[in-house]
Amino acid sequence: MRYTLLTACLMSMMSFSTECSAQFIVAHRGASHDAPENTLAAFELAWEQGADAIEGDFYLSSDGEIVCIHDKTTKRVSPNQPELTVAKATAAELRQLDVGSWKNPKYAGEKVPTLKEVLACIPDGKRIFVEVKCGPEIVPTLQKQLAASGLKDNQIVIIAFDRNVVTECRKTMPQYKCSWLTSYKQNGSQETWTPTADAVADTLQATNATGLGTHGNLQVIDEDFVKTVRDAGKEFHVWTVNDLDAAKRFVELGVDSITTDRPAHIRQALPAPAF
């Protein structure tokens, strides 16, 4: 195991250019196990819990602002308040809602943050994974705001399920890494999963993505799957992993990053390699 961890770490250093401390850990929507997801409180807590990067979800509001929220509506994170459709609401309207109390009363008053606010909380040496939840219409504004953030190019990673978003981001912002995201479906016979590793590699090439962000399904992800992606010259990132045994298995497979709701929990379970 010692050699495997070291090997995985060295691979990550070469392909992801990061200082390696056992495993590169990304806080999913911030430290969202403990704090309300996609809020400044969750992102700040992620840094306290030792995350190497944060991941947040972003939409374009009706007035052209980029806001941080996962769902298409505000219903889940602002119960008993007016329900807004994110794309049809202004940023000011969205920010009138309390998106913290649903998690814990101590987070009452947390607002839907803007991308600008989230970018401003990234410390030196840390990164942000910007997940685009809408379509390519966000790209021109995203390009301007990322450029104006003052962050270094290697501190920003764009991720998206939408292939058109990945393609457009790589075309207009080649200085940033951009991963295509996918999960998997099992066919009717319950014997095979789609997309296959070869299909994934084809999509990565077609979109010019720099990496894959895959759902952490160990029924799908194995050595051969990882090898197919690596042979295509792409990085390999996995989400959302909260189980310790699964996290250790992904380290053995040499993934570039593990996204988790519980950065402190996963960090403590993955011992630093001995050099």
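(A) Focus on the pairing of strand E9 (residues 211-215). Of all five residues in E9, four are buried, a share of seventy percent or more. Here strand E6 (residues 177-182) runs beside E9; their pairing, made up of four bridges, is parallel. Note that in E9 the partner of Ser-179 across the bridge is Gly-211. Alignment of E9 against strand E10 (residues 235-239), held across five bridges, turns out to be parallel. Counted as the bridge partner of Gly-211 is Glu-235 from E10. Of the crossover connections in this fold, the one passing from E9 over helix H8 (residues 223-231) to the parallel E10 is right-handed.

(B) Fine view of the pattern of salt bridges. If you walk through the whole model with that rule in mind, you get twelve salt bridges. Ionic pairing is found between Arg-95 and Glu-117, a salt bridge with its closest N-O pair at 2.9 Å. Highlighted residues: Arg-95 in the loop between helix H3 (91-94) and helix H4 (115-119) and Glu-117 in helix H4, separated in sequence by 22 residues. Assessed through its relative accessible area of 29%, Glu-117 is described here as partly exposed. Across the salt bridge formed by Arg-249 and Glu-252, the nearest N and O atoms sit 3.1 Å from each other. Taken together, the positions of Arg-249 and Glu-252, both in helix H9 (residues 244-252) and three residues apart, correspond to about one turn of that helix. Among the residues examined, Glu-252 registers a relative accessible area of 32% and is labelled partly exposed. One network of salt bridges, in which partners are shared, links Arg-29, Glu-37, Asp-57, Asp-71 and Arg-76.

Conventions we followed
- Residues numbered from 1 in each chain as written.
- Predicted model: local features only at pLDDT ≥ 70, side-chain atom pairs only at ≥ 80, totals over all residues.
- Heavy atoms only, no water.
- Buried < 20%, exposed > 50% of the residue type's maximum accessible area, 1.4 Å probe, protein only.
- Helix = DSSP H or I, 4+ residues; strand = E, 2+ residues; numbered from the N terminus.
- Pairing = 2+ DSSP bridges.
- Right-handed = clockwise from strand over helix to strand, strands pointing away.
- Salt bridge = Lys/Arg side-chain N within 4 Å of Asp/Glu carboxyl O.

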